[in-house]
Structure formats: C-alpha cells, structure tokens
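Listed below, chain by chain, are the residues.
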Amino acid sequence: MPEGHTLHRLALAHDALFAGEGVRVSSPQGRFAPEAKRLDGRVFERADSWGKHLWHRYSGGAIVHVHLGLYGAFTDFDLPDGAPPAPVGQVRMRIVGPRGGTDLRGPTACELVTEEQVDGVLARLGPDPLRPDSDPEDARRRIERSRRPIGALLMDQKVMAGVGNVYRAEVLFRAGIDPHREGREISRAEFDEIWADLVALMPIGVARGRMHVVRPEHDHGAPSYAEDRPRTYVYRRTGDPCRVCGTPVRTEVMEARNLYWCPTCQS
C-alpha cells in the first residue's frame, strides 16, 4: 500500500498539471460515470492530502476523495496530438487538462463527497508528519496510554497518518526501539525522536519518489531488496546481516503485517 509521501507527491503533481484549469472528467470503466458527469468541465482548484487520503477540489465546492488502497495507482499521460490516448484497462476516473491527463485504476475509494464527509475522515486520522499543521501531541497521548506494541501503533492511521510498513520498520531501527515494546513504555524523548525522524525523512520521499532511510555512513554493502529501491536497514531483509551490527534481521507478522527488526540494535 502506498505510504503517505506518495499521496502528498500526487497532490503536488496534480496541482502542477490541473490547478486553475477547466478539465474533462470521465469514467471509461463506468463505475464513476454519474459523478464524472457532474465534474466534467469544472475548474480543478487544488489537490490536498492527509495521510493516505487524497482530495481533488473543484469549482462549485465539489470534492473527490481517493484512497488508493493496495492496488490503486494514477498513470499520467501527455497529449501529443491534442487528444488523450485510448484508455487501457479498468480506468475508474480520467482527468484531462490542457497540459496532459491522468488515469486512476484500482482504488479502494473514488467518490464524490461533501466538506462534512471530509471532516469526518480527518476526525478519524492521527497527525500527519508531512503537514506542518499537524499536532504530534495527539499521537503521543494515544501512544503513552496504550498497551499495544509501538510497531502496531505506528501503523494505525488513527494514531499517526501516512506511516506505512517501510517507515515503521526503518524509524524504529534508527531510534533503536524494539517494535514489541508497549506504547506506554515509550518515553517522551523517544516519541519526539520518532516524530522528528519522520518529519525529516518523509519529505525526502515526496521530493524523490523513493524512501531514503539509510544514513550515509551505512549506505553501502548489500544491495536493496529491489533494483529500483534505495537500501533499507531492515525492511524486507529477513535473514540478511544488519548493516550496523551484522546480526541477522528478523521478521514476524504483527497485526496482519510483516514486521522487520534487528534483535541486537533494537534490544
């Protein structure tokens, strides 16, 4: 599932492509057709995101809420002859502006919503480290009162929005915190370190489109888990030697998601 930096990056990209322009909106697949008809021809005012949620705001107060889920993705395209290419696959929503377009496929949610419904989604989300208007104290209070392990709490979007499996594994490693420790055992200083690290790391993901989490002094040796990804400390490195101490990286399932950690560096 895309992590929060992906949605913030999409919001910036959609602003650059469509903001201030009248756009054509359609649903080649048909599942969003009535809503697309209401949006077609309106001005795309701006895009915004919080955690793993994306909103497109149009003239007249219309708002589209998108959650990509596990399989959703936007694919941009140019208009070399002034006309969009034929849609490929199950395109839920297509947006075309003067400078190009984008196709949305496979989202968990693509729906026309009201401002009150947006507020309802936001009320269920924790602070987003990528947003300067987020208050980390909301997350700290939830964590310090919880018996759940910190490794689970960081993945709970009600606690902290936008953090996914990669950032969860990597910031806990960088802080030297065992992911099995209960939230109530995390000190204020440790929470502050986690939050500050996310605030520093996640904008790099927005800017580069890739999560860079390994400090320069450790960014060598064994390659990443995939050719097109930067190195990680522990994420998807089960059984490989820790980049810092050499202990084999461990994995287990925690609340239905794979967890990775170094039992020595995070003891």
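Note that the structure is predicted; figures quoted are calculated from it, not measured. (Residues numbered from 1 in each chain as written. Predicted model: local features only at pLDDT ≥ 70, side-chain atom pairs only at ≥ 80, totals over all residues. Heavy atoms only, no water.)

Caption draft 1: Fine view of the overall build of the protein chain. Counting secondary structure elements, the protein chain contains seven helices and 11 strands. A compact globule built from 267 residues would reach a C-alpha radius of gyration of about 18 Å, and the protein chain, at 20 Å, matches this within 12%. A principal-axis box enclosing the C-alpha atoms of the protein chain has dimensions of 60 × 40 × 30 Å. Accessible surface for the protein chain amounts to roughly 12500 Å². Of this, 49% is attributable to carbon and sulfur atoms. (Helix = DSSP H or I, 4+ residues; strand = E, 2+ residues; numbered from the N terminus. Rg over C-alpha atoms; globule rule 2.2 N^0.38 Å. Areas by Shrake-Rupley, 256 points an atom, 1.4 Å probe, with all protein chains shown as cover.)

Caption draft 2: Broad picture of the domain arrangement of the protein chain. Annotation of the protein chain at the domain level lists domain 1 (4–123) and domain 2 (136–261). Computed over C-alpha atoms, the centres of domain 1 and domain 2 are 30 Å apart. On the side of domain 2, 13 residues touch domain 1, which itself brings eight residues to the contact. A combined buried area of about 740 Å² lies between domain 1 and domain 2, and 64% of that area is made up of carbon and sulfur atoms. Among the residues of domain 1 in contact with domain 2, His5, Arg9 and Lys52 are the three that bury the most area, contributing 71% of the side total. Linking domain 1 with domain 2 are zero salt bridges, by the criterion used here. Summed over the shared surface of domain 1 and domain 2, the number is three residue pairs in polar contact (both at pLDDT 80 or more). (Domains from an automatic or database assignment. Contact = heavy atoms within 4.5 Å. Buried area = accessible area lost by both parts, 1.4 Å probe. Salt bridge = Lys/Arg side-chain N within 4 Å of Asp/Glu carboxyl O. Polar contact = N/O pair within 3.5 Å; in protein donor to acceptor, adjacent residues only side chain to side chain.)

Caption draft 3: Representation of the packing of aromatic side chains within the structure. By the definition in use, this model includes five aromatic pairs. On the basis of an interplanar angle of 70 degrees and a centroid distance of 5.3 Å, the ring pair of Phe44 and Tyr58 is categorised as edge-to-face. Here Phe44 is found in strand S3 (residues 43–50), whereas its partner Tyr58 is found in strand S4 (residues 53–58), with 14 residues between them in sequence. Comparing Phe44 with Tyr58, the two get one shared label, buried. Relative to Tyr233, the ring of Phe173 lies with its centre 4.5 Å away and its plane at 25 degrees, an arrangement referred to as stacked. Residue Phe173 is found in helix H6 (residues 165–175), and its partner Tyr233 is found in the loop between helix H7 (188–208) and strand S10 (250–254); the two are separated by 60 residues along the sequence. Taken individually, Phe173 and Tyr233 each receive the classification buried, so the pair is uniform in this respect. Clustering of aromatic rings is evident, with ring pairs tying together Phe18, Phe44 and Tyr58. (Phe/Tyr/Trp six-rings, centres within 6.5 Å; stacked < 30°, edge-to-face > 60°. Buried < 20%, exposed > 50% of the residue type's maximum accessible area, 1.4 Å probe, protein only.)

Caption draft 4: Layout of the sheet that holds strand S8 (residues 100–105). Pairing within the open sheet is antiparallel, and its four strands lie in the order S2-S7-S8-S6. Each having just a single partner strand, strand S2 (24–26) and strand S6 (73–77) make up the two edges of the open sheet. Each strand of the sheet is rotated relative to its neighbour by a mean of 15 degrees, with strand direction disregarded. Across three bridges, S2 lies against strand S7 (residues 91–97) in antiparallel orientation. Across the sheet, residue Val25 finds its bridge partner in S7, namely Ile95. (Pairing = 2+ DSSP bridges. Axes fitted to C-alpha atoms, helices over the stretch in contact; angles between N-to-C directions.)

Caption draft 5: Local environment of the nonpolar core. Counting 34 residues, the largest nonpolar core has Ile150, Leu154, Met160, Tyr167, Leu198 and Val234 as the members making the most contacts within it. The set of elements that each furnish at least two residues to this core consists of helix H4 (136–144), helix H5 (150–153), H6 and H7. The dominant element in this core, judged by the number of residues it contributes, is H7, at seven residues. Membership of the second largest hydrophobic core comes to 23 residues, among which are Leu17, Phe18, Ala36 and Leu39. (Core = buried A, V, L, I, M, F, W, Y, C linked by side-chain atoms within 4.5 Å.)

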